[in-house]
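# Coordinate analysis (summary)
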Amino acid sequence: MTSETSRFDEQMIHQAVTLALTNADKGGEPFGAVLTRGTEIVAEGVNDAHIDHDLTAHAEIQALRHAGKAQRQASHTGTTMYASGKPCAMCMAAMIQAGVARIVFAADDDLGGPYGFSTESLYRQMQGNFGHQGIDVVHLPHPESREAFERYQALLG
Ligand SMILES: [Zn+2]
């Protein structure tokens, strides 16, 4: 973690927190996020879990979804994500996959924890190797699994 911030960082965090406030007013979980490239806003997101009945609809992931649809691409290499709260392990993984280069967040676990919004338990659960997250995982090979990869590869040329 680094601590260098700019005036633009402060403006974007203010925007993310404003999104969180508005979302809380609407009955949603109190989180907002803004994805930027340089000083351009690529997309915004709020926690839509209550609307979409989707536990993956966290603000950061929603911002990535909106960015993907708007730009017709899944990769957002080199962007910065501004989040009103400390990103959870799921959002962190999504941001890594998307190529986000920098994350700036406002509320940490000390602030969110008393309200039931600490990220610590999920980070701890994800620290183990695959299959050691407390979910029963079964590896059951299938003879046509390779064919799916082959067809994908063939279409790529
Ligand atoms: Zn999250």
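The rules behind the values
- Residues numbered from 1 in each chain as written.
- Predicted model: local features only at pLDDT ≥ 70, side-chain atom pairs only at ≥ 80, totals over all residues.
- Helix = DSSP H or I, 4+ residues; strand = E, 2+ residues; numbered from the N terminus.
- Buried ≥ 20, exposed ≤ 12 C-beta atoms within 10 Å, placed from the backbone.
- Expected span 1.5 Å × (residues − 1).
- Contact = placed C-beta atoms within 7 Å.
- Pairing = 2+ DSSP bridges.
- Right-handed = clockwise from strand over helix to strand, strands pointing away.

Going by what an unreviewed UniProt entry lists, the protein chain is known as Nucleoside deaminase and is assigned to Halomonas piscis.

### Focus: the overall build of the protein chain
When its secondary structure is counted, the protein chain shows seven helices and four strands. The secondary structure elements of the protein chain, listed N-terminal to C-terminal, are α-β-β-α-α-β-α-β-α-α-α. Relative to its 157 residues, the protein chain shows a buried fraction of 29%.

### As for helix H3 (residues 59–71)
Over its 13 residues, H3 runs 18 Å from end to end, which matches the ideal 18 Å to within 8%, given 1.5 Å per residue. For H3, the full list of buried residues reads Ala59, Glu60, Ile61, Gln62, Ala63, Leu64 and Ala67. On its buried side, H3 packs onto strand E1 (32–37), strand E2 (40–46), strand E3 (80–85) and helix H4 (89–98). Arg72 sits one or two residues past H3 and shows a positive phi near 50°.

### So, the pairing of E3
For E3, the tally of buried residues reaches six of six residues, placing the bulk of the element in the interior. Two strands pair when backbone bridges link them, and E1 and E3 are joined in this way by four bridges, in the antiparallel orientation. Each residue of the ladder has a partner; that of Val34, found in E3, is Tyr82. Summarising the sheet, E3 and strand E4 (residues 102–107) pair through five bridges and their orientation is parallel. Paired with Met81 across the strands is Ile103, a residue of E4. Read from E3 through H4 to E4, the crossover connection turns out right-handed.

### Side note on unusual backbone geometry
Only a minority of non-glycine residues have a phi that is not negative, and only a minority of peptide bonds are not trans. The phi dihedral of His53 is positive, around 50°, even though this residue is not glycine. Tracing the sequence through the fold places His53 in the loop between helix H2 (49–52) and H3. The exposed category is assigned to His53, around which 8 C-beta atoms lie within 10 Å. For Arg72, which is not glycine, the phi torsion reads 50° and is therefore positive. Along the chain, the position of Arg72 falls in the loop between H3 and E3. Taking the C-beta count within 10 Å as the criterion, Arg72 has 6 such neighbours and is therefore assigned exposed.

### Examining the environment of Met90
Within the secondary structure, Met90 is located in helix H4. The class for Met90 is partly exposed, based on 16 C-beta atoms found within 10 Å. Note: C-alpha distance between Met90 and His58 (32 residues apart in sequence) is 8.9 Å. Setting aside anything within four residues of it in sequence, one finds Met90 in contact with Thr56 and His58.

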